Amino acid sequence: MDSFAFEKRGKTSGGGAPGLMILKVLISLIVLLFGVFMISSMFTHGQYAFAILFTIVIAGGLLVTWLKGMYPHRYIFPSIAGMVVFIIFPLVYTVYIAFTNYSAKNLFTLERAESYFLSQTYRIEGGDYQFKLYAKEGNKYIIVLQNQPTMLADGNPSEVRTYASPETVFFDKDQMEKPSNKTTASKTVIHVTKVDNSYTQDMEDCGIKCKAAFRDYLKSIKIKIDAQELTYTGLNTFSAVKNRFVRQNEVVLGNQERLQNSHMLKDVSNDSLIIPDMKDGYYKTIDTQTGEPVGERMAPGFRVYICFEHFKRIFNDPSISTPFVKIFIWTVCFAALTVFITLAIGMVLACLVQWEFLKGRGIYRLILILPYAVPSFISILVFKGLFNENFGEINRILDFFLGWRPEWYNEAGYARAMILLVNAWLGYPYMMILCMGLLKSIPDDLYEASAMDGSGPVQNFLNITLPLLMKPLTPLLIASFAFNFNNFVLIMLLTNGGPDFLPEDGVVTTAGSTDLLVSYTYRLAFEGGAGGNDYGLASAIATTIFILVGALSIVNLKISKMGAKD
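Residues numbered from 1 in each chain as written. Predicted model: local features only at pLDDT ≥ 70, side-chain atom pairs only at ≥ 80, totals over all residues. Heavy atoms only, no water.

**Considering the packing of helix α10 (residues 361–373) against helix α13 (residues 412–439)**
Basically, it comes down to this: Angular values range over 0 to 180 degrees, each being the angle between N-to-C directions of two axes fitted as lines to C-alpha atoms, with helices fitted over their stretch in contact. Under the DSSP-based scheme used, a helix requires at least four consecutive residues in state H or I and a strand at least two consecutive residues in state E, with every element numbered from the N terminus. The scheme is simple: roughly parallel for angles under 35 degrees, roughly antiparallel for over 145, roughly perpendicular for 65 to 115, oblique for anything else. When the near helix sits turned anticlockwise from the far one by under a right angle, the crossing is termed left-handed; a clockwise turn instead gives a right-handed crossing. Contact between two residues is taken to exist if any of their heavy atoms lie within 4.5 Å; hydrogens are not considered. Throughout this entry, Asp, Glu, Lys and Arg are counted as charged residues, while Ala, Val, Leu, Ile, Met, Phe, Trp, Tyr, Cys and Pro are counted as nonpolar. The remaining residues, Gly among them, count as polar.
Close contact between α10 and α13 brings their axes to 7 Å; oriented N to C, the two are set at 130 degrees. Considering their axes alone, α10 and α13 lie oblique with respect to each other. Our pair here, α10 against α13, has a crossing hand that is left-handed. Contacts from Arg365, Leu368, Ile369, Pro371 and Tyr372 in α10 reach Trp425, Leu426, Tyr428, Pro429, Tyr430, Met432, Ile433 and Met436 in α13. Considered class by class, the residues forming the contact of α10 with α13 number 12 nonpolar, no polar and one charged.

**Notes on the sheet that holds strand β13 (residues 265–267)**
Just so we agree on the cut-off: Note: two strands are recorded as paired if DSSP finds a minimum of 2 bridges between them.
Strand order across the open sheet formed by four strands is β10-β13-β14-β15, with antiparallel pairing between neighbours. Sheet topology places β10 (245–247) and β15 (282–285) at the edges, where each strand pairs with a single neighbour. Between one strand axis and the next, the sheet turns through 35 degrees on average, direction left out of account. Each of β10, β13, β14 (272–277) and β15 is contacted by helix α4 (residues 110–118), which is oriented at about 125 degrees to β10, the strand it contacts most.

**Focus: helix α11 (residues 376–386)**
Basically, it comes down to this: When a residue's accessible area, from a 1.4 Å probe over protein chains only, is under 20% of the maximum for its type it is buried; when over 50% it is exposed; and in between it is partly exposed. What the arc describes is the spread of directions from the helix axis to the C-beta atoms.
Of all the positions in α11, only Ser379, Ile380 and Phe383 are classed as buried. Projected down its long axis, α11 shows its buried positions confined to an angular sector of 100 degrees, all on one face.

**A few points about the nonpolar core**
The criterion, for reference: Here, nonpolar core refers to any group of buried Ala, Val, Leu, Ile, Met, Phe, Trp, Tyr and Cys residues whose side-chain atoms link them within 4.5 Å.
Membership of the largest hydrophobic core comes to 41 residues, with the highest contact counts inside it found for Ile314, Leu473 and Ile541. At the level of elements, α8 (309–316), α9 (318–353), α13, α15 (457–485), α17 (517–526) and α18 (535–565) are the ones that each hand at least two residues to this core. Looking at which element gives the most residues to this core, the answer is α9, with 10 residues. Residues within four places of Leu473 in sequence aside, it is in contact with Leu343, Met347, Leu434, Cys435 and Leu438. In this structure, Tyr129, Ala185, Phe214 and Tyr217 belong to the second largest nonpolar core, which totals 24 residues.

**So, a negative patch on the surface**
Selection criterion: Patch criteria: residues need more than 30% relative accessible area and no salt bridge. Like-charged residues are merged within 9 Å; nonpolar side chains of Val, Leu, Ile, Met, Phe, Trp and Tyr are merged within 5 Å. The method behind every accessible area is Shrake-Rupley, applied with a 1.4 Å probe, and residues are considered shielded solely by the protein chains displayed. A pair is scored as a salt bridge if a Lys or Arg side-chain nitrogen falls within 4 Å of a carboxyl oxygen belonging to Asp or Glu. In this tally, Lys and Arg are treated as positive and Asp and Glu as negative; His is ignored, and so are the chain termini. By convention, the point assigned to a charge is CZ for Arg, NZ for Lys, CD for Glu and CG for Asp.
A surface patch of negative charge is lined by Glu356, Asp444, Asp445 and Glu448. Looking at the element boundaries, Glu448 is found in helix α14 (residues 444–452).

**Remarks on the side chain of Thr342**
The line we're drawing: Here a polar contact is recorded for every N or O atom pair within 3.5 Å, except that within protein the pair must consist of a potential hydrogen donor and a potential acceptor, and residues adjacent in sequence are included only if both atoms are side-chain atoms.
Within the element layout of this structure, Thr342 appears in helix α9. The class of Thr342 is buried, set by a relative accessible area of 4%. A distance of 3.2 Å separates a polar side-chain atom of Thr342 from the backbone oxygen of Val339. Beyond its immediate sequence surroundings of up to four residues, Thr342 is in contact with Asn423, Ala424, Gly427, Tyr428 and Met431.

**Thoughts on the packing of aromatic side chains**
Keep this limit in mind: Paired rings are identified among Phe, Tyr and Trp, the last through its six-membered ring, by centres lying within 6.5 Å, and are further divided according to the angle between planes into stacked (under 30 degrees), edge-to-face (over 60) and tilted (the rest). As a reminder, the over-ring test applies to NZ of lysine and CZ of arginine, requiring each to be within 6 Å of the ring centre and within 35 degrees of the ring normal.
One pass over the structure, following the stated rule, counts 39 aromatic pairs. Ring geometry for Phe481 versus Phe485: centroids 5.9 Å apart, planes at 45 degrees, classification tilted. Remark: Phe485 and Phe481 occur in helix α15; sequence separation between them is four residues, near one turn of the helix. Judged by its relative accessible area of 11%, Phe481 is buried. Put simply, the rings of Phe383, Phe387, Trp404, Trp408, Tyr414, Trp425 and Tyr428 touch in pairs and so form one group of aromatic residues. Its end group placed over the ring of Phe131, Lys211 keeps NZ or CZ at 4.7 Å from the ring centre. Above the ring of Trp330, the side-chain terminus of Arg416 is found at 5.0 Å from the ring centroid.

**A short note on the layout of surface pockets**
Applied cut-off: Buried and open spaces are told apart on a 1 Å grid over the protein atoms alone, a cavity being a set of points where a 1.4 Å probe fits but cannot get out and a pocket being an open set with protein on both sides within 12 Å along at least five of seven lines. Residues with an atom within 4 Å of a point are the lining residues. Grid points are joined across faces, edges and corners, and a volume is the space filled by probe spheres set on the points.
Here the largest pocket defines a volume of roughly 870 Å³. Elements with a minimum of two residues in the lining of the largest pocket: α9, α14 and α15. In terms of residues, the lining of the largest pocket owes the most to one element, α15, which gives five residues. Its residues placed into classes, the lining of the largest pocket shows 12 nonpolar, five polar and five charged. Forming the boundary of the second largest pocket are 22 residues, of which Gly46, Tyr48, Tyr96, Thr109 and Arg303 lie nearest the centre. Listing elements by their share of the lining of the second largest pocket, those giving two or more residues are α1 (2–44), α2 (48–66), α3 (77–98) and α4.

**Quick notes on the pattern of salt bridges**
Here the structure, examined in full by the defined rule, presents 15 salt bridges. With a closest N to O distance of 3.0 Å, Arg523 and Asp500 form a salt bridge. In this pair, Arg523 sits in helix α17 while Asp500 sits in the loop between α16 (488–494) and α17, placing the two residues 23 residues apart along the sequence. Residues joined by salt bridges that share partners form a network here, namely Asp277, Asp280, Lys284 and Arg297.

**Focus: α15**
Threshold: Take the residue count of a helix, subtract one, and multiply by 1.5 Å to get its expected span. Axes are fitted to the seven residues ending at a residue and to the seven starting at it; the angle between these axes is taken as the bend at that residue.
For α15, which comprises 29 residues, the first-to-last C-alpha distance of 34 Å sits more than 12% below the rise-based estimate of 42 Å (1.5 Å per residue). At Leu473, α15 is deflected by roughly 55 degrees, the largest bend along its length, and proline Pro475 occurs up to four residues later in sequence. If you check which residues of α15 are buried, you get Asn460, Ile464, Thr465, Leu469, Leu473, Thr474, Leu477, Ile478, Ser480, Phe481, Asn484 and Phe485.

**A short note on unusual backbone geometry**
Each neighbour pair has its own omega, and for Ala299 with Pro300 the value is 5 degrees, a cis peptide bond. The omega torsion of the bond from Gly498 to Pro499 falls at 0 degrees, within 30 degrees of zero and hence cis. Within the secondary structure, Pro499 sits in the loop between α16 and α17. If you check the backbone angles, Asp226 has positive phi at about 55 degrees while not being a glycine. Here Asp226 shows up in the loop between β7 (222–225) and β8 (228–234).

What follows is the structure, encoded as structure tokens:
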């Protein structure tokens, strides 16, 4: 038997293995080459976190594929990789962002911000030239430039000079879409010579139509005039420009100390010096006495590590702390009330549809479970229309019977009640299904013994059904609480967080009465918080939410374990 098994394994490895091995090697090589390309590209563009993630996933995949000792792990590797990519990495990256000033105004790295400043130019005074295009034979054109006269010190205007280029072939918009033509245009330098002011007297101006057709080409070329190099700066203008900033790694301060900074730049337009403020994330002009950055912030900003500043803002900045506390209290109440309401409705309905004397129980179960079968976002949008203050059916019914038309979207109390009602509709089927299943596990003997003691349905529910259901339901209730704590879809689709908080003591906030912490975080990050889309602050709040939900879950589990022991 052993020899047969050995022979069978030998045939399998000898007969089918070469083809499988070649396929395995080819796939591994493709994955490896693709990984090297992607990782090097990410490192080149400064995406170090994603490069490290990609390295770990690809290296792990190759290791479990080729190492014999890792063979059992091949089957669980996809799930582990998915957990790393979609759970662990986003969590770690969010925490990392919370300790930086990453925002809409601080998107760049220091190196990219420095490159941006080095690419800035400014027009040289008196270096503007108006230009016109004149068509020639063979799809060729002439550029004629004329300087803008300025007032001299004696009060007279300066001399008007005219320059003309040789006949040149231009590329229109369609031709400039070809990479080869783009490259040719970017390397083109047209030399112009001075001509008489009446040079164009017998020529017809091509007009603005030609300028628009050749605009991409004109933006790419350079024009050499005397010792100046002109670039396209407007629909009618070429101008002499210079780089505004140049590197200056060292300077002597007023106190005779030498300041060295590899990122220091000199503003040629006004001879000032700027250096990066590593505490604030912006370039600023320096104090020539101390060398400290003291000037105004110069956009764009760059990302820097700011330690716990965002977490301090959550509790110390009135524009953040005031709505944060209110939203936190509402979030806890919303999650707790939702769990309680859905559990109460679901449990009562489960007991009713399980009642053996109820006819048509299957139909009732089907009807009551239907809300669970409809996608939640569809139900939410339907309820949004039903609660419309002017045309919604709910307000029409209330107005007809009670003469009452609540402002569901403008009053905080009504808006919160509406959210609880809608969420109860969405959540009770889930609780009902759970309770229906758990009711099956309760022995009928308990109810028979209780009936012999003279207990009624209410006493049976309170003394038998409820205690026996709560123990297995506790972990699921904690999960439901955590889910509703972060119920982003309901808030954003139904009220979008509104009605917004009114300013208090002149403090304006980006928050609303029905916002949960998760929707408040979203509004800060993507709808403009204090000073723009503040991703760092939003990540700090998201990290705080994670800690709070984790702490509440642990407390609930501890309490449930203590109850189980008792």
